[in-house]
Amino acid sequence: AQQEAGSEEQKDKLVSLYDFKHPNRVSKDQLRTIQTIHEAFARGFATHLSTRLRSLVDIDLTSVDQLTYSEFIMSMADPSAVYIFNIKELEGDAILEISPQLVLYIIDRSFGGEGGVTQEAREITIIEQNVMKKIVDNALDQLVRAWQNITPLTLELKDFETNPELIQISPPGETAIMISFEVKIADFSSLLNLCFPYFVLEYVMPKLSAQHQIAHTQKKSTRHDEGIVQHKLRSAEIPLKVTLGGTRLSLRDILGLETGDIVRLDNRLDEMLDVIIQDTPKFKAKPGLFRNHKAVQIVSAVQEGGLKHE
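Residues numbered from 1 in each chain as written. Predicted model: local features only at pLDDT ≥ 70, side-chain atom pairs only at ≥ 80, totals over all residues. Heavy atoms only, no water.

Novice: Is there a simple way to explain the packing of aromatic side chains in this structure?
Specialist: The description of an aromatic ring pair rests on the distance of the ring centres and on the angle between the ring planes. All chains considered together, the criterion is met by 6 aromatic pairs. Ring centres of Phe85 and Phe196 lie 6.4 Å apart, and the angle between their planes is 80°; this geometry places the pair in the edge-to-face category. On the criterion of sequence distance, the pair formed by Phe85 in strand S2 (residues 81-87) and Phe196 in strand S6 (residues 188-197) is long-range, its members being 111 residues apart. A residue is classified by how much of its surface remains accessible, and Phe196, at 3% relative accessible area, is buried. In this structure an aromatic cluster arises from ring pairing among Phe41, Phe45 and Phe181. (Phe/Tyr/Trp six-rings, centres within 6.5 Å; stacked < 30°, edge-to-face > 60°. Helix = DSSP H or I, 4+ residues; strand = E, 2+ residues; numbered from the N terminus. Buried < 20%, exposed > 50% of the residue type's maximum accessible area, 1.4 Å probe, protein only.)

Take a look at the structure:
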């Protein structure tokens, strides 16, 4: 009876809660990789906005969550500024949501204003949409760059919508990944969100695992480092000298040398000369002239052990 009671307790310990309405289809490793990717996106987009608005812009990634698509839609304000873009390689759509206050602030600064937009959210006009298009296009470019180490992507702005309820890029119950950012410009702060339906990223999910990232980074760094080493070696300057010949003289003879004296070398005129690289004989060469300059012609290489090959 005691054994049965113990086994029952073990079974109770093994039981864990699972919410079928909120399935965790993305592992923690994959979420961390997604976070790293979009931190790079935040840095790139912040740099662009800083240049465009002539002001320091900070974009901080605040969270990476998995939720149902319907929950994401309900979390958006109405009206909102929602940009729907297509991911060609993954055959699906994703969403970039920018708060209307941030859109109005960017537009005011783009036209030379101080960005003092404090009015309540309103729908973005056609002219304002056209002004924002270049900025959103750059955001997509930065997103492509952030993902390029994982997989090449082709992103195309597809549509703009102000009413979240009219956006149907995924079934309501489908898992979605929402990446949230806080955009800070001077004393102004607002939100920006990205949303990827899970089925859109499902193809690249295996590439987001930690093991795949480590292997990919090692392989890439090896090729990269090898290219750097080869480039450095090719441009390295190495001392090279050729010994025309040699002889031995007494100190008395050396002290008695005068201008015009001839010193006889041990080498014959037809004898090969040593080409020395960093104090090591590497080649055999013939002496001569080339375009009125003293020169040598490489005849053979010296192998280790003193052997030569033509």
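Now that the structure has been shown, the text picks up again.
Novice: Where do I start with the sheet that holds strand S4 (residues 155-161) in this structure?
Specialist: One key point about sheets: their strands pair by backbone hydrogen bonds, in either a parallel or an antiparallel sense. Reading across from one edge, S1-S5-S6-S3-S2-S4 is the order of the 6 strands in this open sheet, with antiparallel pairing throughout. Both outer strands of the open sheet, strand S1 (57-68) and S4, are each paired with one neighbouring strand and no more. Within this sheet the neighbouring strands show an average axis-to-axis angle of 20°, counted without direction. Where helix H5 (residues 126-147) meets the sheet, its contacts fall on S2, strand S3 (92-98), S4 and S6, and the angle it forms with S4 comes to roughly 140°. (Pairing = 2+ DSSP bridges. Axes fitted to C-alpha atoms, helices over the stretch in contact; angles between N-to-C directions. Contact = heavy atoms within 4.5 Å.)

Novice: Sorry if this is basic, but what is going on with helix H2 (residues 28-53) here?
Specialist: Each α-helix winds once per 3.6 residues, and so residues spaced three or four apart point in a common direction. The first and last C-alpha atoms of H2 sit 36 Å apart over 26 residues, in line with the 38 Å expected at 1.5 Å per residue. Positioned one or two residues after H2, Arg54 has a phi angle of 55°, which is positive. (Expected span 1.5 Å × (residues − 1).)

Novice: Teacher, can you tell me more about the pattern of salt bridges here?
Specialist: Oppositely charged side chains can pair when the atoms bearing their charge come close. On inspection of all chains with the given rule, the structure shows 5 salt bridges. The salt bridge partner of Lys184 is Asp60, with a shortest N-O separation of 2.9 Å. With Lys184 in strand S5 (residues 175-185) and Asp60 in strand S1, the pair connects residues that are 124 residues apart, well separated along the chain. The exposure class assigned to Lys184 is partly exposed, which follows from its relative accessible area of 31%. Across the salt bridge formed by Lys158 and Asp93, the nearest N and O atoms sit 2.7 Å from each other. In this pair, Lys158 is assigned in strand S4 and Asp93 in strand S3, connecting sequence segments 65 residues apart. Residue classification places Lys158 among the exposed residues on the basis of a relative accessible area of 52%. Note on Asp93: relative accessible area 12%, which makes it buried. (Salt bridge = Lys/Arg side-chain N within 4 Å of Asp/Glu carboxyl O.)

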